[in-house]
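An overview of the molecular structure
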Amino acid sequence: MDYDQFEEKFVMSEKKTKKDREWKKIYQSVFDHYTIGNLFKAFLKANLEGLIHIISLGKEANVFRAVTRNGEERAIKVYRVETSDFKHMYDYIEGDPRFPNVNKKKRKLIEAWCQKEFKNLSLAKKAGVSCPKPYAFSGNVLVMQYIGDKEPAPLIKDINLDDPEKAARLVVGDMRKMYKANLVHSDLSEFNLLYWKKKPWLIDFAQGVSLGHPKAMEFLERDARNISRYFSKLGVNITKEDVLKAVTK
Ligand SMILES: Nc1ncnc2c1ncn2[C@@H]1O[C@H](COP(=O)(O)OP(=O)(O)OP(=O)(O)O)[C@@H](O)[C@H]1O
Ligand SMILES: [Mg+2]
């Protein structure tokens, strides 16, 4: 399937408006053949009907809003193959006992990375963490629960929190649930926390490692430092040590 066929079938934009011409340019620049093939497979697996619009265009991944045939919304994360920094990915996969034979070829590594995010989200969700429910993955494409209403949920750093202390408690509680489930997020900060339905939602789980990873405790300390630093700025009295103690006790 090439881009035009894919667009014809699955890109649900009203045609011919200026905005849609701009979208088309963006879509064409981010969907290469390999990605379109994976999108197509992911669409079948997750019963999707179409892509609605772009939520975020990033360095490593692009995130889209989509809808299923039953009218439920989904978020689709598409890892970039050409421009992503895959050396950094290798550090978070090599050493994780769940991925003993990681292939260093770029595509294979990105596929393992995407699969790792799917697995980490599944584990975290099962442990009761507030995070998107994962539905399917294929190659470099991950389908998950859409967090938001009419608009995608904002990052926690972009809003005024009513009760920062409660939000901090919830995040630390989620870190603890992950730890009990043998998992460390490893990229936790105000940049990977959404705020929706009056609580923080953890996102962006690809860096997550199991406790068997030799650097798991180092990553946990960094997460704890980020969380303490961010919530302290908002007036919450919480040190890195407090976070670590609450998570590991
Ligand atoms: N399930 C979701 N529901 C709604 N919005 C989402 C969801 N997942 C991600 N987003 C939005 O997409 C953005 C990027 O997602 P994420 O943090 O997972 O990717 P990333 O790896 O940080 O990408 P990059 O570093 O390339 O920007 C998030 O900041 C958030 O705004
Ligand atoms: Mg992120």
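Looking at the metal site, the magnesium ion (ligand 2) is ligated by Asn192 (OD1) and Asp204 (OD), spaced 2.2 Å from it. Residue Asn192 is located in the loop between β6 (183-184) and β7 (193-196), and its partner Asp204 is located in the loop between β8 (199-202) and β9 (209-210); the two are separated by 12 residues in the primary sequence. Note on Asn192: relative accessible area 7%, which makes it buried.

Looking now at the state of the cysteines. Counted according to the given criterion, the structure contains zero disulfides. The cysteine Cys131 is free of any disulfide, with Cys114 supplying the nearest cysteine sulfur at 15 Å. The exposure class assigned to Cys131 is buried, which follows from its relative accessible area of 0%.

With that out of the way, let us pick up the sheet that holds strand β1 (residues 48-57). Taken in spatial order, the five strands of this open sheet run β1-β2-β3-β5-β4, and their pairing is antiparallel. Taken across any chain shown, the strands that pair with only one partner, and hence form the sheet edges, are β1 and β4 (134-138). Taken pair by pair, the neighbouring strands of this sheet meet at an average axis angle of 25°, ignoring direction. Judged from the four bridges that link them, β4 and strand β5 (residues 141-145) form a sheet pairing that is antiparallel. Its bridge partner lying in β5, Ala136 is registered against Val143.

Cut-off values and rules
- Residues numbered from 1 in each chain as written.
- Chains lettered and ligands numbered in written order.
- Predicted model: local features only at pLDDT ≥ 70, side-chain atom pairs only at ≥ 80, totals over all residues.
- Heavy atoms only, no water.
- Donors = N, O, S within 2.8 Å, 3.2 Å for Na, K, Ca; no water.
- Helix = DSSP H or I, 4+ residues; strand = E, 2+ residues; numbered from the N terminus.
- Buried < 20%, exposed > 50% of the residue type's maximum accessible area, 1.4 Å probe, protein only.
- Disulfide = S-S within 2.5 Å.
- Pairing = 2+ DSSP bridges.
- Axes fitted to C-alpha atoms, helices over the stretch in contact; angles between N-to-C directions.

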